[in-house]
Amino acid sequence: MSTNRTANLSDSTSGKSSELPVLQGTLGAPVIDIGRLYKDTGCFTFDPGFVSTASCRSAITYIDGDEGVLLYRGYPIEQLAKHSSFLEVSYLLLNGDLPNQKQFDDFSHEVTHHTMMHEALKSFLNGFRHDAHPMAMLCGVVGSMAAFYHEQLDMDDAEHRRLAAIRLLAKVPTIAAACYRYSIGWPIRYPRNNLEYVSRFLHMMFEVPSEPLELPPVAAKALDLLFILHADHEQNASTSTVRLVGSTGANPYACVAAGIAALWGPAHGGANEAVLKMLEEIGTADQVGKAVEKAKDKTSGFRLMGFGHRVYKNFDPRATIIREMCHKVLDELGVHDPLLDVAMKLEEAALKDDYFVQRKLYPNVDFYSGIIYKALKIPTEMFTVMFAIARTAGWVAHWLEQQADPDGKIGRPRQIYTGAASREFVQMDKR
Ligand code: CMC
């Protein structure tokens, strides 16, 4: 971790300086530890959006944005996408290593037997309007789990924390499917233990009491792949939110509800819903040129959704994998979706355009995921919920890592104050 390198920072006005240690992780750029800077120089640092700032140590996920590399616990995403399953990846994220057969069977058994949601949680659903956005419902219902399991949660007990993580991984799909079914007026389906994680979720979403559900095999395969690709992405906005809330010692269900709220925004997980809406608005391939011009015009307030990434400045390795699966799903289901033609034309036009080339804006993971969800008949408003189910694995892995960190501190950023300087209170009749 520490190296012999140091970085010197001096304030030319006060003449004060600080010799700062330079840290090095297993992979990635060296990191200047500025913890003592204020003590030595009386200065803070300013980095809105954490563009150059590491907020924690983590051994879970590594991204090299220039090379398009994504590793979960050291394993390349391409290999996990090809050989693994979402549940196995969840074990990996939570525990640090791939499981052997017995470890996997035990984990799978445990997750499967925690999938039921408390019956009383159903009455929360009834309180929502029928047209409530499922992300709003998911956020509220997952947060309210804090009211159900608090007595079995001693935050200083590692086994209690692990169990909370398993509960979240197991119950979020059940709650997500229940939110969807409530919104369309269907009775809630209980989880079927004879199915594996993703098929169980699809049954809870689509099975009706009156007839058995026949799912094309590609449906579970595609969703499992999407879940693997979305499972974690190091210190993204929602994971950082889970960690920030977790740093206060808050209940894990409240932490994950906060993560769901952060994920919802269109700059983050809400982009998959926004991509589909954008493709529908563009409508036909011959309108793509106009959309590209509009995205380049800063006054339009319009961005190409599904393009660009804070970290990936070459390509998003998840987008490459998803693109291939997207074609496979449409072929196997025999779906001809004109939106795919629009998407391909848009991708081609943007990749040739100087504006996008110079800014290194490439299609990200969300560019193709919406088309797959649409082909699987998942409604647009559920797209970000899909992302939330998968990202729960990453959120709980980070929460567990953070809670076990002996150097953990409450997250408490500083600021540049730009308000009024100290002034005297004026009585109302004198203002
Ligand atoms: N369309 C048009 N211009 C863009 C886009 C876009 N999608 N993204 C960035 N730019 C421009 C931006 O206007 C700026 O231009 P200039 O340098 O002339 O001011 C430049 O590129 C850099 O953009 P930025 O906003 O400073 O970059 P950022 O790292 O803060 O933002 C981003 C990253 C993902 C929020 C942004 O690219 C974006 O809004 N993309 C669309 C939303 C989206 O697809 N989000 C999903 C992200 S991947 C899934 C996830 O991790 O949640």
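Note that the structure is predicted; figures quoted are calculated from it, not measured.

**Student:** Help me get a handle on the overall build of the chain, residues and values and all.
**Tutor:** If you tally the helices and strands in the chain, you get 18 helices and six strands. Taken over the C-alpha trace, the chain has a radius of gyration of 23 Å; the compact-globule value for 431 residues is 22 Å, and the two agree within 12%. Counting every position in the chain, which comprises 431 residues, the buried fraction comes to 45%. When contacts within the chain are restricted to residue pairs at least 6 apart in sequence, those whose partners lie at least 24 apart make up 69%. As displayed, the chain has an accessible area near 22,000 Å², and 53% of this comes from carbon and sulfur atoms.

**Student:** Go over the sheet that holds strand β6 (residues 75-76) with me, naming the residues and quoting the values.
**Tutor:** Taken together, the three strands give an open sheet; going across it, the order is β4-β5-β6, and neighbouring strands pair in antiparallel fashion. Only two strands of the sheet have a single partner each, and these edge strands are β4 (61-64) and β6. Note that β4 and strand β5 (residues 69-72) share four bridges and pair antiparallel. Bridge pairing in β5 places I63 opposite L70.

**Student:** Outline the state of the cysteines, supporting the account with residue identities and numerical values.
**Tutor:** Inspection of the entire model under this criterion finds zero disulfides. The structure places no disulfide on C56, whose sulfur is separated from the nearest cysteine sulfur, that of C255, by 14 Å. On the basis of relative accessible area, C56 is assigned to the partly exposed category, the value being 29%.

**Student:** Account for the site of the ligand, with residues named and values stated.
**Tutor:** In the region of the ligand, 22 residues are neighbours, and H268, R303, L304, G306 and R310 sit closest. Within the side chain of H268, an N or O atom sits 2.5 Å from an oxygen atom of the ligand. Within the side chain of R310, a nitrogen or oxygen atom sits 2.8 Å from an oxygen atom of the ligand. For the ligand, whose free accessible area comes to 930 Å², the fraction covered by protein is 75%. Class assignment for the residues of the shell around the ligand results in eleven nonpolar, six polar and five charged.

**Student:** Just give me the short version of unusual backbone geometry, but keep the residues and values in it.
**Tutor:** Glycine aside, a negative phi is what most residues show, and trans is what most peptide bonds show. Positive phi, close to 40°, is recorded for E234, a residue that is not glycine. According to the relative accessible area criterion, E234 is partly exposed, its value standing at 22%.

Definitions and cut-offs
Residues numbered from 1 in each chain as written. Predicted model: local features only at pLDDT ≥ 70, side-chain atom pairs only at ≥ 80, totals over all residues. Heavy atoms only, no water. Helix = DSSP H or I, 4+ residues; strand = E, 2+ residues; numbered from the N terminus. Rg over C-alpha atoms; globule rule 2.2 N^0.38 Å. Buried < 20%, exposed > 50% of the residue type's maximum accessible area, 1.4 Å probe, protein only. Contact = heavy atoms within 4.5 Å. Areas by Shrake-Rupley, 256 points an atom, 1.4 Å probe, with all protein chains shown as cover. Pairing = 2+ DSSP bridges. Disulfide = S-S within 2.5 Å. Near = heavy atom within 4 Å. Polar contact = N/O pair within 3.5 Å; in protein donor to acceptor, adjacent residues only side chain to side chain. Nonpolar A, V, L, I, M, F, W, Y, C, P; charged D, E, K, R; others polar.

Nothing here speaks to function; it is all geometry.
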